[in-house]
Amino acid sequence: MKQVMFVELGMGVDLHGQDVTKAAIRAVRNAIERNSMPGMRALVDGDTGKMQVRVHLAVPADADRLDHEAVKAVFPYGAVSIHVTNGGMLAPSGIFLADKNDRNEQIYVVNAAVEVGI
């Protein structure tokens, strides 16, 4: 990416089921869903495929279970790359719910920083 134009931040949570992908998708959606970048089309001469989207995810556990393609699918435009680091948070839920596919009593919190540029 030659020039970063926007940085958007988000947080996502999976309360039950300990699904790092679900929390990551929620973090990314939280970062981008209330933004509009109408000027980006002009910056890429109408070719949204020229947009570069760099997603940084801070995950608390199970980074090997993260479905990168599912996270990339959230973005309607651009060449998306995913970068994962340790971070986020594991918090106690205080309850184990087998019917919610809980593996333990942890809440997964993922943080996202989404860079958009050209």
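Residues numbered from 1 in each chain as written. Predicted model: local features only at pLDDT ≥ 70, side-chain atom pairs only at ≥ 80, totals over all residues. Heavy atoms only, no water.

Chemist: Let's hear about the environment of Phe-6: which residues, and what values?
Modeler: Secondary-structure assignment places Phe-6 in strand β1 (residues 4-14). Relative accessible area serves as the criterion here: at 33%, Phe-6 is assigned to the partly exposed category. Note: C-alpha distance between Phe-6 and Gly-117 (111 residues apart in sequence) is 6.7 Å. Phe-6 has contacts with Met-37, Met-40, Val-114, Glu-115 and Val-116, leaving out every residue within four places of it along the chain. (Helix = DSSP H or I, 4+ residues; strand = E, 2+ residues; numbered from the N terminus. Buried < 20%, exposed > 50% of the residue type's maximum accessible area, 1.4 Å probe, protein only. Contact = heavy atoms within 4.5 Å.)

Chemist: Residue-level account of unusual backbone geometry, with values.
Modeler: With a phi close to 50 degrees, Gln-18 is a non-glycine residue in the positive phi region. For Gln-18, the location among the structural elements is in the loop between β1 and α1 (20-32). Given a relative accessible area of 2%, Gln-18 falls into the buried group. The backbone of Asn-101 shows a phi angle near 65 degrees, a positive value even though the residue is not glycine.

Chemist: Lay out the side chain of Asp-102 in plain terms, naming residues and giving numbers.
Modeler: Looking at the secondary structure, you find Asp-102 in the loop between β4 (89-92) and β5 (106-117). Buried and unpaired, Asp-102 has Arg-103 as its nearest opposite-charge partner, separated by 7.9 Å. A polar contact is formed between the side chain of Asp-102 and the side chain of His-16, at a distance of 3.0 Å. (Lys, Arg positive; Asp, Glu negative; His and termini not counted. Salt bridge = Lys/Arg side-chain N within 4 Å of Asp/Glu carboxyl O. Polar contact = N/O pair within 3.5 Å; in protein donor to acceptor, adjacent residues only side chain to side chain.)

Chemist: Provide a residue-level description of the packing of aromatic side chains, including the pertinent values.
Modeler: Enumeration over the complete set of coordinates arrives at zero aromatic pairs. It is Arg-41 that lies over the ring of Tyr-77; its NZ or CZ is 5.4 Å from the centre. (Phe/Tyr/Trp six-rings, centres within 6.5 Å; stacked < 30°, edge-to-face > 60°. Lys NZ or Arg CZ within 6 Å of the ring centre and 35° of its normal.)

Chemist: So what about the pattern of salt bridges? Which residues, and what values?
Modeler: Across all of its chains, the model carries four salt bridges by this definition. Where Glu-115 meets Arg-54, a salt bridge forms, and the shortest distance between an N and an O atom there is 2.9 Å. One end of the pair, Glu-115, is in strand β5; the other, Arg-54, is in strand β2 (residues 52-59), and 61 residues separate them in sequence. In this structure, Lys-72 engages Glu-69 in a salt bridge whose closest nitrogen and oxygen atoms are separated by 3.7 Å. Residue Lys-72 and its partner Glu-69 are both found in helix α3 (residues 68-72); the two are separated by three residues, about one turn of the helix. A relative accessible area of 26% places Lys-72 in the partly exposed class. Under the relative-accessibility criterion, Glu-69 is labelled exposed at 53%.

Chemist: An account of the environment of Phe-96 is needed here, citing residue identities and associated values.
Modeler: Tracing the chain through its elements places Phe-96 in the loop between β4 and β5. In this structure, the C-alpha to C-alpha distance between Phe-96 and Asn-111, residues 15 residues apart in sequence, is 24 Å. For Phe-96, the contacting residues outside a window of four places in its chain are Asp-102, Arg-103, Asn-104 and Glu-105.

All quantities given are derived from atomic positions and should not be read as evidence of function.
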